[in-house]
Amino acid sequence: MRRRILLLFLAALVASLALSGLALWRLTQGGQDAVIQAAMIAGFGLLGLMTALWFLFDRHLARPLESLAGALRTGRVPDLEQARHLADLGPAARDAALARERSDQALAQALEDHAAETLREKASLEAILADFGAGAVMADARGRVVFYNASAARLLPGLALDRALDGHLTPGALRAAQMRLAAGAAATDLTCLTVGGVRLSGRLRAIEDGLLLILRDSAIQRPAPRDTLEALRRHASTLVPMLDALDGPIPPALAQAIRAEGQGLATATRRLSQIMASDAPGDVAGLTELAAGLDAVDLPRLAFRAQAASLNALLLMLDARLRALGHAPVLSVHPDPDDQMRLTLDWRGTPVPIDLLEGWLTATPDPGQPDLTGAEILARHGTGIWPETEGGSARLVMPLALAQGIADGLGVTYDFALATRGAASSRLADLTCVVFDTETTGLTDRDRIVQIAGLRLARGRLTGERFDTLVNPGGPIPPASTAIHHITDAMVADAPDLTAALTAFRHFCDDSVLIAHNAPFDMGFLRRAEAQTGARFDNRVLDTVLLSAMVWGQSAVHTLDALTERLGITIPPDARHTAMGDTIATAQAYLALIPALEAKGITRFEEVVAKARDHRALIGDANR
Amino acid sequence: MADILVIEDEDNIATALDFLLTRDGHRHDRIATGRGAVDRIRQTRPDLVLLDVMLPEVSGYQIVQDVRADPDLAGVRVLMMTARGSVVERRKGLALGADGFIAKPFELAELRAEMARLLS
């Protein structure tokens, strides 16, 4: 095009020179009209020349450009014939328009797919919520009902959209549960009465701009026969020593029979006592729920076998009584033997007389369960409470059993689109995998695992299923290792041992490809423990160090930090060197590596294994 | 032989304990309520107190807490007896200052062994 314009201007120059030459020639001829005729030749000639130039520019440049701009604005594919004098601009504009058309079509298709997926998920969730038996009520931030199912309507007569939820329940119970949520719990147990006096139990969860309440009929709980047991024990305790002391007048055979019966009575009452003492609630409550509304220090993330509503209400009542005496109690937790922790309310000052404390426990602190005394709440948790003193400080002490796991999990796992994404295969993007990481007492073969975390991937997506546990290594953790992963001896004191942890992890990663960064290290710990734990790990293995070497070559740095930085993945500083933090980073790196490997023609697991042979100098293959 | 104070409101079990302690040759006395028990301990300074938990007016737990708050009574051993035999009740009794804790119904050999331990 530039050449054409050059030629055009050269032609205009030649024409101008020709006109000038003609005009000059006419002048040299002389005569009366020479000047006038020379001027006319130059003037009209230039006018004609300019007109011709304007015509050419207008027809071949201005009009096609206008048309092209219009086409680009409207998304129409431009007419190439019109733009034939615009060199590559016409085809470029046509390609851009076609790309835009394809992109629009892809976007429309993606939106359509997403809308269809959303509709499927909505239908599935509606089916689940309609028939899962419990009442489900959702309320907005103002406490107005925005959703409920048929079971909820049955449990809470009069329930209707846009009505206040707390109008259907004992008001104190819902408020107390909301306070536990405000204290940081993701969800909390709730036991309450309806305005009609029906007992319900359930779980309240904070959701985006509102609350979700799941409710069930609470089975009528027969009070434990503690009074009867007490009477049985008193009689047995009187009878047994008396029988023990018998001699002389009673025939020996009869005395022996009476003694055997008495001992039988004693054994039966002891067994009954043990059964009732272990009758702790099946509910799990997070420490944040129990501590809601109390002054507290350094609360670790713990879960207890406890009913949040009643125990939190009891602690709040004790806190209020202590404050009425002028004390300022602070809640804290301390390790205790036998899978328990001690909850303590500490204050500076004089101790509380035990009989005063026992008197407080005759009150009924939980508005949701107005028939339950503090003593009965403690008995149901298989625990008690007492005062202690130390120096100028006093405290109330309550042991409480720990629960396995954390209470704040979402508890729902789904991927309805899984069925539409085809079957699992050995394609890297289709594998069912568990990405995992371990933290250990050190780097040698003699060292032990102290933490293990895993995330499941299915068909190229994180499923949301996670495994995360501390492991008691059965020995001290060297300070140098604690400095790296910040796991202390105290933290693992109550954690599952290696057999329990690896058996659970074995279940989690069954039938999955295991993925780790520097897999031979982590797999070494799992496989060396096989003889001890009985949990075998014959899984296929992928190593993100090897995958990184396949993409960037062996000479590049393949540490997790270097790999994630290359892929633009950020690991929060406090998550680095935690098993779950490194697992998340490794999973993200693996997902980002899949397209890069595919671009290099490595699409299947078998191809990775074959290619791994080229990289043996860098790192061993952890596959058996 | 030791001086033993029995604080027990149940007459039948007090009778049984009286029989056993007499047979084993101990000097012993009994009161049937928690009220005034600490004053009685101050006056008589027994070697051992056999203390029931569930007492009228003042509980056995309160008595042991008061005894341990008085430094003059540091030499008095307290063996608590309770029908509530759970682990947490035992911990509660020991935390309040009891020297021993025995769950009812106890067997004679068990009581004798615990008394011997505290009196040795």
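In the nomenclature of an unreviewed UniProt entry, chain B corresponds to Response regulator transcription factor from the organism Paracoccus haeundaensis.

Asks: Please clarify how the overall build of chain B should be interpreted in this entry.
Replies: Assigned secondary structure in chain B consists of 5 helices and 5 strands. Taken from the N to the C terminus, the helices and strands of chain B come in the order β-α-β-α-β-α-β-α-β-α. Counting over 120 residues, chain B shows a buried share of 52%. For chain B, the proportion of contacts with a sequence separation of at least 24, taken over those separated by at least 6, is 60%.

Asks: What should I look at first to understand the pairing of strand β11 (residues 393-401) of chain A in this one?
Replies: Successive side chains on a regular strand alternate, one facing one side of the sheet and the next facing the other. All names here are of chain A. Of all 9 residues in β11, 8 are buried; the element is thus mostly enclosed. With 9 bridges connecting them, strand β9 (residues 340-348) and β11 associate as antiparallel partners. Across the sheet, the residue bridging to Arg348 is Ser393, located in β11. With 5 bridges connecting them, strand β10 (residues 386-390) and β11 associate as antiparallel partners. Bridge pairing in β11 places Glu388 opposite Arg395. Following β10, the chain reverses through 2 residues before pairing antiparallel with β11; Gly391 in that reversal takes a positive phi of roughly 60 degrees.

Asks: I tried to follow helix α14 (residues 498-509) of chain A on my own but got confused; where do I start?
Replies: Because each turn of an α-helix spans 3.6 residues, side chains separated by three or four positions in sequence point in the same direction. Residues and elements named next belong to chain A. Along its 12 residues, α14 runs 16 Å from first to last C-alpha, staying within 8% of the 16 Å computed at 1.5 Å per residue. Tucked into the core, α14 has its buried residues touching β12 (432-440), β13 (449-458), β14 (461-470), β15 (513-516), α15 (519-528) and α16 (530-533). Backbone geometry just downstream of α14 places Asp511 in the positive-phi region, at approximately 65 degrees.

Asks: Honestly, the interface of chain B and chain A in this entry has me stumped. Any pointers?
Replies: For an interface, size is often stated in terms of accessible area lost upon the parts coming together. At the junction of the two partners, chain B supplies 34 residues and chain A supplies 33 residues. Between chain B and chain A, a total of about 2,600 Å² is buried, with carbon and sulfur atoms accounting for 57% of that surface. It is Arg91, Lys92 and Pro105 of chain B in chain B that bury the most area against chain A; as a group they hold 24% of the surface buried on that side. Linking chain B with chain A are 1 salt bridge. Between Glu358 of chain A and Lys92 of chain B there is a salt bridge; the shortest N-O distance is 2.7 Å. Those elements that place two or more of their residues in the side of chain B that touches chain A are α1 (11-23), α3 (60-69), α4 (87-96) and α5 (108-119) of chain B. With 6 residues, α1 of chain B is the largest single contributor of residues to the side of chain B that touches chain A. In the side of chain B that touches chain A, the residues fall into 16 nonpolar, 6 polar and 12 charged.

Asks: Any chance you could explain the packing of α3 of chain B against α4 of chain B here in plain terms?
Replies: The packing of two helices is summarised by the inter-axis angle and the distance between the axes. Residues and elements named next belong to chain B. At a minimum axis distance of 8 Å, the contact between α3 and α4 shows a crossing angle of 25 degrees. By the angle between their axes, α3 is roughly parallel relative to α4. Of the residues in α4, those in contact with Tyr61, Val64, Gln65 and Arg68 of α3 are Glu89, Lys92, Gly93 and Leu96. Along the lines of polarity and charge, the residues of the contact of α3 with α4 split into 3 nonpolar, 2 polar and 3 charged.

Asks: So what exactly am I meant to see when it comes to helix α19 (residues 579-599) of chain A here?
Replies: All names here are of chain A. Along its 21 residues, α19 runs 31 Å from first to last C-alpha, staying within 8% of the 30 Å computed at 1.5 Å per residue. If you look at α19, its biggest bend is around 30 degrees, right at Leu593, and the proline Pro595 turns up within four residues after that. One or two positions beyond α19, positive phi appears at Gly601, with a value near 85 degrees.

Asks: Is there a simple way to think about the packing of aromatic side chains in this case?
Replies: Aromatic rings considered in pairs are described by the distance between their centres and by the relative angle of their planes. Residue and element names in this part refer to chain A. Tallied over the full model, the rule gives 7 aromatic pairs over all chains. Ring pairing ties together the aromatic residues Phe436, Phe467, Phe505, Phe508 and Phe537, which thus form one cluster. Here the basic side chain of Arg540 rests over the ring of Phe605, its NZ or CZ set 4.8 Å away from the ring centre.

Cut-offs used in this document
Residues numbered from 1 in each chain as written. Chains lettered and ligands numbered in written order. Predicted model: local features only at pLDDT ≥ 70, side-chain atom pairs only at ≥ 80, totals over all residues. Heavy atoms only, no water. Helix = DSSP H or I, 4+ residues; strand = E, 2+ residues; numbered from the N terminus. Buried < 20%, exposed > 50% of the residue type's maximum accessible area, 1.4 Å probe, protein only. Contact = heavy atoms within 4.5 Å. Pairing = 2+ DSSP bridges. Expected span 1.5 Å × (residues − 1). Buried area = accessible area lost by both parts, 1.4 Å probe. Salt bridge = Lys/Arg side-chain N within 4 Å of Asp/Glu carboxyl O. Nonpolar A, V, L, I, M, F, W, Y, C, P; charged D, E, K, R; others polar. Axes fitted to C-alpha atoms, helices over the stretch in contact; angles between N-to-C directions. Parallel < 35°, antiparallel > 145°, perpendicular 65-115°, else oblique. Bend = angle between axes of the 7 residues up to and from the residue. Phe/Tyr/Trp six-rings, centres within 6.5 Å; stacked < 30°, edge-to-face > 60°. Lys NZ or Arg CZ within 6 Å of the ring centre and 35° of its normal.

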